[in-house]
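The primary structure of each chain is shown beneath.
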Amino acid sequence: MEVTLEGTVRADEMQQFVEQSLNAVRSLAQQGRVVVALADLRHLRTTSPEAAELLRQGQMAAMQAGMKRIAELVSSELTTLQLNRIARASGMDQILRRFQDDEEARRWLLEASNELDAA
């Protein structure tokens, strides 16, 4: 699964993103697929406290629905700080890794898929 967030995301947009993402995670998990995601957040700006809280709730729900691993591409240090705080609060920091390189992130996710499929 691949997602991209850019610019400043309002709370209503974050709610829509979370709902769509959760539907995708649930659908893939119900099909017996290993659910991993590549999140391109290189052009994301920090979000409002309301949008950040929706993202935290969405991350928790995604893990409960079957998300196994997420690779994030982030370029802004300020956005990284906010995302770190959200991931720690949701518990997603346990299945999350950040990358600068798209191909490296994809390799890590592919390895995870292969390992989890074999288990």
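Note that this is a predicted model, so its numbers are computed, not measured.

Enquirer: Would you mind going over the overall build of the chain with me for this structure?
Expert: Each helix and strand counted, the chain has 4 helices and 4 strands in total. Walking the chain from its N terminus toward its C terminus, one meets helices and strands in the order β-α-β-α-β-α-β-α. Here the chain has a C-alpha radius of gyration of 14 Å; the compact-globule value for 119 residues is 14 Å, and the two agree. If you line up the chain on its principal axes, its C-alpha atoms span 40 × 30 × 20 Å. The buried share among the 119 residues of the chain stands at 44%. Taking all contacts inside the chain whose residues are at least 6 apart in sequence as the whole, residues at least 24 apart take part in 85%.

Enquirer: Help me understand the side chain of Q82, please; the structure alone is not making it clear to me.
Expert: Considering the arrangement of structural elements, one finds Q82 in helix α3 (residues 77-90). Those residues within four positions of Q82 in sequence are excluded, and the remaining contacts are T46, T47, S48 and A52.

Enquirer: So what exactly am I meant to see when it comes to the pairing of strand β4 (residues 96-99) here?
Expert: Each regular strand shows side chains that alternate between the opposite faces of the sheet. In this sheet, β4 lies alongside strand β3 (residues 67-73) in parallel orientation, the contact comprising 4 bridges. Along β4, the bridge assignment pairs I70 with L96. At this point the chain moves from β3, through α3, to the parallel β4, and the crossover so formed is right-handed.

Enquirer: What is the right way to read the sheet that holds strand β2 (residues 35-44) from this model?
Expert: Spatially, the 4 strands line up as an open sheet ordered β1-β2-β3-β4, and their pairing is parallel. On the outer flanks of this sheet lie β1 (2-7) and β4, each paired with one strand and no other. Across the sheet, the mean angle from the axis of one strand to that of its neighbour is 20°, orientation sign disregarded. Strands β1, β2 and β3 of the sheet are contacted by helix α1 (residues 11-30), whose axis makes an angle of about 170° with β1.

Enquirer: Help me understand the pairing of β3 in this model?
Expert: In terms of residue burial, β3 counts as a mostly covered element, since 6 of its 7 residues are buried. In the sheet, β2 pairs with β3 via 6 bridges, with the strands oriented parallel. Paired with V36 across the two strands is R69, which belongs to β3. Regarding the hand of the β-α-β motif, the stretch spanning β2, helix α2 (residues 49-65) and β3 is right-handed.

What counts and how
- Residues numbered from 1 in each chain as written.
- Predicted model: local features only at pLDDT ≥ 70, side-chain atom pairs only at ≥ 80, totals over all residues.
- Heavy atoms only, no water.
- Helix = DSSP H or I, 4+ residues; strand = E, 2+ residues; numbered from the N terminus.
- Rg over C-alpha atoms; globule rule 2.2 N^0.38 Å.
- Buried < 20%, exposed > 50% of the residue type's maximum accessible area, 1.4 Å probe, protein only.
- Contact = heavy atoms within 4.5 Å.
- Pairing = 2+ DSSP bridges.
- Right-handed = clockwise from strand over helix to strand, strands pointing away.
- Axes fitted to C-alpha atoms, helices over the stretch in contact; angles between N-to-C directions.

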